[in-house]
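Inside the fold
Listed below are the residues making up each chain.
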Amino acid sequence: MSRPILLTGGRVLDPSRGVDQVADVYLDGGKVASVGQGIAGADGALRLDVRGKVVAPGLIDLHTHLREPGQEELETVASGAMAAAAGGFSAVCAMPNTDPVTDNQAAVGFIVSQAQRAGKARVYPIGAISVGQKGQQLAEFGELVGAGAVAVSDDGKPVMSSHLMRTALEYAQVFGIPVADHCEDLTLAQGGAMHEGIVSTRLGLKGIPSAAEEIMVARDIILAELTGGHVHLCHMSTRGSVELIRRAKDRGVRVTAEACPHHFTLTHHACEAYDTNAKMNPPLREEADREAVRQALRDGTIDVIATDHAPHHYDAKEREFDDAPNGIIGLETALGLAITELVCGGLLTLPELIARMSTLPARIFNLPGGTLAPGAPADVVVLDPEAQWEVHPDAFFSKSRNTPFAGRRLTGRADLTIVRGQVVFDRQA
Amino acid sequence: MTRSAVLGKDLTGLEPLDADQLRLILDTAEPFKEVSERPIKKVPALRGKTIVNLFFEASTRTRISFEFAEKRLSADTVNVAASGSSVSKGETLVDTARNLEAMRIDMVVIRHGASGAAQFLGDRIRSNVVNAGDGKHEHPTQGLLDLLTLRDRFGKLAGLKVAICGDVLHSRVARSNIWGLTKLGAEVGVCGPPTLLPRDVRELGVTVLPRIEDAIAWADALNILRLQLERMQAGFIPSLREYNRVFGVSRERLARAPKDLLIMHPGPMNRGVEIDSDVADGEHSVILPQVTNGVAVRMAVLYLLAGGSPDWHHPGGDHA
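Residues numbered from 1 in each chain as written. Chains lettered and ligands numbered in written order. Predicted model: local features only at pLDDT ≥ 70, side-chain atom pairs only at ≥ 80, totals over all residues. Heavy atoms only, no water.

1. Re the overall build of chain B
For chain B, the count of helices and strands is 12 helices and nine strands. By the compact-globule yardstick of 20 Å for 320 residues, chain B fits well, its C-alpha radius of gyration being 19 Å. Within the span of chain B, comprising 320 residues, buried residues form 58% of the whole. Sequence-distant contacts in chain B: of pairs separated by 6 or more residues, those separated by 24 or more amount to 74%. When the accessible surface of chain B is totalled, it reaches about 13,000 Å², and 51% of it is carbon and sulfur. Considering chain B, the positive charge centre built from 40 side chains and the negative charge centre built from 39 side chains are found 2 Å apart. (Helix = DSSP H or I, 4+ residues; strand = E, 2+ residues; numbered from the N terminus. Rg over C-alpha atoms; globule rule 2.2 N^0.38 Å. Buried < 20%, exposed > 50% of the residue type's maximum accessible area, 1.4 Å probe, protein only. Contact = heavy atoms within 4.5 Å. Areas by Shrake-Rupley, 256 points an atom, 1.4 Å probe, with all protein chains shown as cover. Lys, Arg positive; Asp, Glu negative; His and termini not counted. Charge placed at Lys NZ, Arg CZ, Asp CG, Glu CD.)

Shown next as structure tokens:
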């Protein structure tokens, strides 16, 4: 077993138990051994002085695209897991839109074993809802879960059939897993390259109306109500979606939701000058939407922050806007953006942010971690919430560089990430 | 590369220009009109300059108009059409751009189906880039020739009411007209089926006229857009017949107008769809003068981008 680690003198934030105090954290045997004052630790323990830093349960990203198998030139499980660790994440959930699709137990097992070989952040596969993400035949949830899948989703290929969504929500209950949905009515969104509004009008680009998302949010809520299933709504981007979720939660519907840093940071104006690094789906929306997403993260209508980390080759983005692929990478900027925008912006306290990036993601997908309770996995992040830094994509561990945040000044970042009691990322190293 | 002191490096649209720049182009076009009326239609302004006309979309009028403008300015020109070039073999726009750059050309005139293509090219090569229509974004020289034609007829643009009628949603001509007209003080109305008007179009400073009768009653001039025939298949309108009945500009409708309206159309026309033949060919139509002005404004744009002096009023001279 690895060497015990003693983190001394940091501000310990553990939202799972309401802990916010200066204390030592002792990790031994891959688990949190104790949190308290003046912990001695074993003689051979690695002692790290983290005074002035924050010690928190490792961040957990419920929405990552790792591109392996199929597009290893963009990202691999190993490079993605390293990028995650550098961003303070001790675990990420990998979406199933790989090639071939992660719709069977062998595919899930492959990702699990690649993640073990990499030995960086944990990687939890998300299985497909339908065979081949084709939206027709239900995938074998039981076998997916048996091999290690923690949720199901057809992600970028939205479930257009309400019947399929209903059966998925019903059947998933056998295994206690959420059904994660990318809410997009394709008949409304088809061919759209950005948010439908004044900017798309000026740029002459086909717009995706907010209604394309909201219609499916409403449908999914209705089906969750009908079935009693747990629907998890991915990357919410509109004020209308926020309002629908708020009302559903008031009624007690089993709905959870995530928001991405780009949606609470940028608006459709980022697409001016046809910057393809601002092209993603759902698209960047209007200021009122951005504000609604921020308020929803503040009041808990949106439960968690997820990255939707989507690597693309620079050639693919170096194209006409209509032809460029959707998506940006996010693992190595998410924490900095969240602290800068939400904590420095006065919307969340640091403990609340840790809850939205660690404790609640663990709870929603029923994952280990998200807590520093004794006996919990020794998945820990040491972060410097005051660090000032500038985003340099060339320094990323991710294999891709597609980010609209290059050159942006951010506050806060991870200094040290520990997974299973082992240091997987150390900024000083 | 030349960076024109008055227009910058590229002309990607009319949105980035201010009123003075627009007036300057129109004023510069005035003496160039005369060149096309001479027996020998040539001035040496762009002698020694090489210009590539890069047309990724089919175009007859705009391509020929640019080519005449270039030849009458004595530039050396090459036409590249998307089919039969490396583009049809899958070459990306950025590679096409770099190859043109490597041949040390001075200017590129680009027509492309993707909005933003002209800016994309302009941001990546040192040559001047002129947008000859990019997707649904802008068609600035069309906008300029419409401005020039209106100014010819009315003497000024400030206070003029111009209704842009038809498929505004998919129209680059509409966007360039809206920018150019509003910057020069004209009032702009847009009229068409709500399915073919862009979202939040009022924020561009235009009035929405719900019915063609409203546009005719309101405007001094109608700029009637071409209705792409594929809009019917895409479900934007039920049929061409119904479009003509509800939104077509006919002599009967014009007869009820309080005054005579100037009739414009960027072409190519669908006679009997958005415009009836007797209107297109009628006494108030300036559709052919628009085409004539097209050569003059394109000469002005090319000349100014090449660094030509804006106060030059003798295009036969040797100031280039």
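Back to the text.
2. Some details on the pattern of salt bridges
Here the structure, examined in full by the defined rule, presents 45 salt bridges over all chains. A salt bridge links Asp415(A) to Arg427(A); its shortest N-O distance comes to 3.6 Å. Taken together, the positions of Asp415(A) in strand β17 (residues 409–419) and Arg427(A) in the segment after β18 (422–426) put the pair 12 residues apart, joining distant regions of the chain. Owing to a relative accessible area of 8%, Asp415(A) belongs among the buried residues under this scheme. As a salt-bridge pair, Asp152(B) and Lys33(B) come within 2.8 Å of each other at their nearest N and O atoms. One end of the pair, Asp152(B), is in helix α5 (residues 140–154); the other, Lys33(B), is in helix α1 (residues 19–35), with 119 residues separating them in the sequence. (Salt bridge = Lys/Arg side-chain N within 4 Å of Asp/Glu carboxyl O.)

3. Notes on the layout of surface pockets
Residues and elements named next belong to chain B. As a volume, the largest pocket reaches approximately 670 Å³. For the lining of the largest pocket, the secondary structure elements donating two or more residues are α2 (61–72) and α6 (172–183). Partitioned by chemical class, the residues of the lining of the largest pocket number five nonpolar, 12 polar and nine charged. (1 Å grid on protein atoms, 1.4 Å probe; cavity = no way out; pocket = protein on both sides within 12 Å on 5 of 7 lines; lining within 4 Å. Points joined across faces, edges and corners; volume = space filled by probe spheres on them. Nonpolar A, V, L, I, M, F, W, Y, C, P; charged D, E, K, R; others polar.)

4. Regarding the packing of helix α7 (residues 210–227) of chain A against helix α8 (residues 239–251) of chain A
Residues and elements named next belong to chain A. Where α7 meets α8, the closest approach of the two axes is 9 Å, and the angle between their N-to-C directions is 15 degrees. Considering their axes alone, α7 and α8 lie roughly parallel with respect to each other. Classified by chirality, the crossing of α8 by α7 is right-handed. Contact residues: Glu 213, Glu 214, Val 217, Ala 218, Ile 221 and Glu 225 in α7; Gly 240, Ser 241, Leu 244, Ile 245, Ala 248 and Arg 251 in α8. Split into classes, the residues belonging to the contact of α7 with α8 amount to six nonpolar, two polar and four charged. (Axes fitted to C-alpha atoms, helices over the stretch in contact; angles between N-to-C directions. Parallel < 35°, antiparallel > 145°, perpendicular 65-115°, else oblique. Left-handed = near helix turned anticlockwise from the far one by under 90°.)

5. A word on the interface of chain A and chain B
Facing 17 residues of chain A, the contacting portion of chain B comprises 21 residues. Surface buried jointly by chain A and chain B totals about 1,700 Å² across both partners, of which 51% is contributed by carbon and sulfur atoms. At the boundary of chain A and chain B, one finds three salt bridges. A salt bridge links Glu15(B) to Arg202(A), with the nearest nitrogen and oxygen atoms 2.8 Å apart. Here chain A is connected to chain B by nine residue pairs in polar contact (both at pLDDT 80 or more). Residues that form the side of chain A that touches chain B fall into these classes: six nonpolar, three polar and eight charged. (Buried area = accessible area lost by both parts, 1.4 Å probe. Polar contact = N/O pair within 3.5 Å; in protein donor to acceptor, adjacent residues only side chain to side chain.)

6. Points about the pairing of strand β5 (residues 161–165) of chain B
Residues and elements named next belong to chain B. Most of β5 is tucked away: four of the five residues are buried. As defined by bridge partners, β5 adjoins strand β6 (residues 187–191) across five bridges and the pair is classed as parallel. Across the sheet, Cys 165 pairs through a bridge with Cys 191, a residue of β6. Between the parallel elements β5 and β6, the chain passes through α6 in a crossover that is right-handed. Sheet topology note: the β5/strand β8 (residues 221–224) ladder contains four bridges and is parallel. Pairing of Ile 164 across the sheet is with Asn 223, part of β8. (Pairing = 2+ DSSP bridges. Right-handed = clockwise from strand over helix to strand, strands pointing away.)

7. Things to note about the packing of aromatic side chains
Per the counting criterion, the structure on display carries six aromatic pairs over all chains. Considering the side-chain rings of Tyr171(A) and Phe175(A), the 5.3 Å spacing of their centres and the 85 degrees angle between planes classify their relative orientation as edge-to-face. Between Phe397(A) and Phe425(A) the ring centres are 6.1 Å apart and the planes differ by 85 degrees, which places this aromatic pair in the edge-to-face class. With Phe397(A) in the loop between β16 (380–390) and β17 and Phe425(A) in strand β18, this residue pair connects regions lying 28 residues apart in the sequence. The structure contains a cluster of three or more aromatic residues connected by ring pairs, namely Phe141(A), Tyr171(A) and Phe175(A). One cation-aromatic arrangement involves Arg72(B) over Phe68(B); the distance from NZ or CZ to the ring centre is 4.7 Å. Sitting over the ring of Phe66(B), Arg298(B) keeps its end group 4.9 Å from the ring centre. (Phe/Tyr/Trp six-rings, centres within 6.5 Å; stacked < 30°, edge-to-face > 60°. Lys NZ or Arg CZ within 6 Å of the ring centre and 35° of its normal.)

8. Some remarks on the domain arrangement of chain A
Residue and element names in this part refer to chain A. What the domain assignment lists for chain A is domain 1 (5–55 + 377–426) and domain 2 (59–364). One C-alpha centre belongs to domain 1, the other to domain 2, and the line joining them spans 25 Å. Each partner contributes residues to the interface: domain 1 has 36 residues there, and domain 2 has 48 residues. Looking at the side of domain 1 facing domain 2, the largest losses of area belong to Lys 399, Asn 402 and Phe 405, adding up to 20% of the total buried there. Joining domain 1 to domain 2, the criterion identifies two salt bridges. (Domains from an automatic or database assignment.)

9. Section: the sheet that holds strand β14 (residues 255–259) of chain A
Residues and elements named next belong to chain A. Taken together, five strands build an open sheet; the order of strands is β9-β10-β13-β14-β15 and the sheet is parallel. Looking at the sheet topology across the chains shown, the edges are occupied by β9 (152–153) and β15 (304–305). Looking at chain direction, strand β13 (residues 231–233) and β14 are connected through three bridges and run parallel. Pairing of Val 231 across the sheet is with Val 255, part of β14.

10. Brief notes about unusual backbone geometry
Here Asp99(A) and Pro100(A) are connected by a cis peptide whose omega angle stands at 0 degrees. Take Pro100(A): it is sitting in the loop between β7 (89–94) and α2 (105–118). Cis rather than trans, the peptide bond between Gly267(B) and Pro268(B) has omega equal to -10 degrees. Here Pro268(B) shows up in the loop between β9 (262–264) and α11 (277–280). Positive phi values are uncommon outside glycine, yet Asn366(A) reaches one of about 55 degrees. As for its position among the elements, Asn366(A) is in the loop between α13 (350–364) and β16.

11. Remarks on the nonpolar core
In terms of nonpolar packing, the biggest core is built from 85 residues, with Phe32(B), Leu144(B), Leu150(B) and Leu302(B) touching the most fellow members. At 10 residues, the largest contribution of residues to this core is made by helix α12 (residues 287–305) of chain B. When residues of this core are assigned to domains, at least three map to each of domain 1 (5–55 + 377–426) and domain 2 (59–364) of chain A. In terms of nonpolar packing, the next biggest core, distinct from the first, is built from 69 residues, Ile111(A), Ala115(A), Val123(A) and Ala248(A) among them. (Core = buried A, V, L, I, M, F, W, Y, C linked by side-chain atoms within 4.5 Å.)

12. A closer look at helix α1 (residues 77–86) of chain A
Along an α-helix, residues three or four apart share an orientation, since each turn contains 3.6 residues. All names here are of chain A. Within α1, nine of the 10 residues are buried, which leaves the element mostly enclosed by the surrounding structure. Within α1, the full set of buried residues consists of Val 77, Ser 79, Gly 80, Ala 81, Met 82, Ala 83, Ala 84, Ala 85 and Ala 86. In this structure, the buried side of α1 is in contact with β7, α2, β8 (122–125), β17 and β18. With its phi angle positive at about 95 degrees, Gly 88 sits one or two positions after the end of α1.

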